[in-house]
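# Structure at a glance
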Amino acid sequence: MPTSPQSPHLPFGDNIHTPWYGKDILSVKQFDRKDLDYIFGVAHEMHGMVDRIGTFDLLKGKILANLFYEPSTRTSSSFHAAMERLGGSVIPINNVKFSSVSKGESLADTVRSLECYSDVIVLRHPEMGSAKIAAAAASKPILNAGDGVGEHPTQALLDLFTIFSELGEGEIDGLTVTMLGDLKYGRTVHSLARLLTLYDVKLNYVSPDILKMPAEVMEDVAEKGIPQAEYASLEEILPETDVLYVTRIQKERFENPADYKKVADEFIIDPEMMQLAKEQMIIMHPLPRVNEITTDVDSDPRAAYFRQMEYGLYVRMALLAMVLGKA
Ligand code: ASP
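Residues numbered from 1 in each chain as written. Predicted model: local features only at pLDDT ≥ 70, side-chain atom pairs only at ≥ 80, totals over all residues. Heavy atoms only, no water.

### Looking at helix 3 (residues 107-114)
Where helix 3 is concerned, the buried positions are L107, A108, T110, V111 and L114. The arc that holds the buried residues of helix 3, viewed along the axis, is 165°, so those residues lie on one side. Looking at the packing, one finds that the buried side of helix 3 touches strand 1 (63-68), strand 2 (89-93), strand 3 (120-125), helix 4 (130-137) and strand 4 (142-147). (Buried < 20%, exposed > 50% of the residue type's maximum accessible area, 1.4 Å probe, protein only. Helix = DSSP H or I, 4+ residues; strand = E, 2+ residues; numbered from the N terminus. Arc of directions from axis to C-beta. Contact = heavy atoms within 4.5 Å.)

Next up, the structure:
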């Protein structure tokens, strides 16, 4: 029977009154502390559900377009796994060489096309601001999975959920968090530093001289009245650190490979260095690691970086359920 044309965007059985329904997740700047409590509550429930039943049908019939213009292992596979754990399905596009992008298609046209086939789009792109451009073009939710050296908000949420789960929520206030490595190009620390300003924390930055935390991030942190300080050596600050957040030197962002070589192995965490750290400290890393943490640190109970990946699955399940009106 012929039917009259309908808007392709009409929700079918979604609860459009849930607070995150249809929203984009572009920057950590959009969250307040209440939002974080909410996200972590949902992520905690997701953890319980995965432990009890593995896969369930909360997002049955929903489709995620997982659009990656830059390499990714954890972010793309954890979003993929999150969607499948929730009973939904995925269009994976992680080799844009084989898509119309190689024919010169704009990002706006690509996301406009993909939203005809999907309910939500996860985007990683090498240019800062790209997620915002995609969100302006699309009417379905866009989740920023890393925009060049800009932000990586879903990583920051999972990082904070890791701290919350490992050290306890009451203890985020009062923590000293030390960020180490490539603070200039490392988008995860840009997002995490900003997100941590919602708590009463102290931030330390340790990096090679040419890879310092960008001024705009430090200004955002200062504006919130959060104490922050830069150090040239880790040894002086490690004994008072509660969370050591290590990052890789972002080789691909260097114009001159010789500059990368000069700083590549400046800071290395090994068991000897860990002797300076508190018994209760956790060491985190967004991964991939290159040489900055030696593999013999992995068996130290303070090494939280593989547990951190698992927390990421639950946070990404929570975010997908929220923007699709199911949580
Ligand atoms: N996986 C993280 C990111 O995409 C960290 C890294 O690549 O070093 O930003």
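### What to know about unusual backbone geometry
Excluding glycine, a negative phi dihedral is what most residues carry, and trans is how most peptide bonds are arranged. The amide bond that connects L287 to the next residue, P288, takes the cis arrangement and shows omega of 10°. With respect to the secondary-structure elements, P288 resides in the loop between strand 9 (282-284) and helix 10 (305-323). A positive phi angle, near 65°, is found at L287, a position not held by glycine.

### Remarks on the sheet that holds strand 3
Ordered by their spatial adjacency, 4 strands build an open sheet running 2-1-3-4, and the pairing between neighbours is parallel. Each end of this open sheet is capped by a strand with a single partner; those strands are strand 2 and strand 4. Averaged over all neighbouring strand pairs, the angle between strand axes comes to 15°, with direction disregarded. Across the sheet, helix 4 lies against strand 3 and strand 4, angled at about 160° from strand 4, the strand it touches most. (Pairing = 2+ DSSP bridges. Axes fitted to C-alpha atoms, helices over the stretch in contact; angles between N-to-C directions.)

### Details of the pairing of strand 4
Residues in a regular strand project their side chains so that they alternate between the two faces of the sheet. Of all 6 residues that make up strand 4, 6 are buried, and the element is covered over most of its length. Sheet analysis places strand 3 next to strand 4, joined by 4 bridges and oriented parallel. Bridge pairing in strand 4 places L123 opposite N144. Handedness of the crossover joining strand 3 and strand 4 through helix 4: right-handed. (Right-handed = clockwise from strand over helix to strand, strands pointing away.)

### Structural notes on the side chain of R253
By the element assignment, R253 lies in the loop between strand 8 (243-246) and helix 8 (257-263). Filtering out sequence-adjacent residues up to four positions away, R253 remains in contact with E70, P126, G148, V149, Y185 and R187.

### Comments concerning the site of the ligand
Neighbouring the ligand are the residues R124, H152, R187, T188, R248, Q250, P286, L287 and P288. Within the side chain of R124, one N or O atom sits 3.0 Å away from an oxygen atom of the ligand. At a separation of 2.8 Å, an oxygen atom of the ligand approaches a polar side-chain atom of Q250. Protein contact buries 91% of the 260 Å² of open area that the ligand shows by itself. When its residues are assigned to classes, the shell around the ligand shows 3 nonpolar, 3 polar and 3 charged. (Near = heavy atom within 4 Å. Polar contact = N/O pair within 3.5 Å; in protein donor to acceptor, adjacent residues only side chain to side chain. Areas by Shrake-Rupley, 256 points an atom, 1.4 Å probe, with all protein chains shown as cover. Nonpolar A, V, L, I, M, F, W, Y, C, P; charged D, E, K, R; others polar.)

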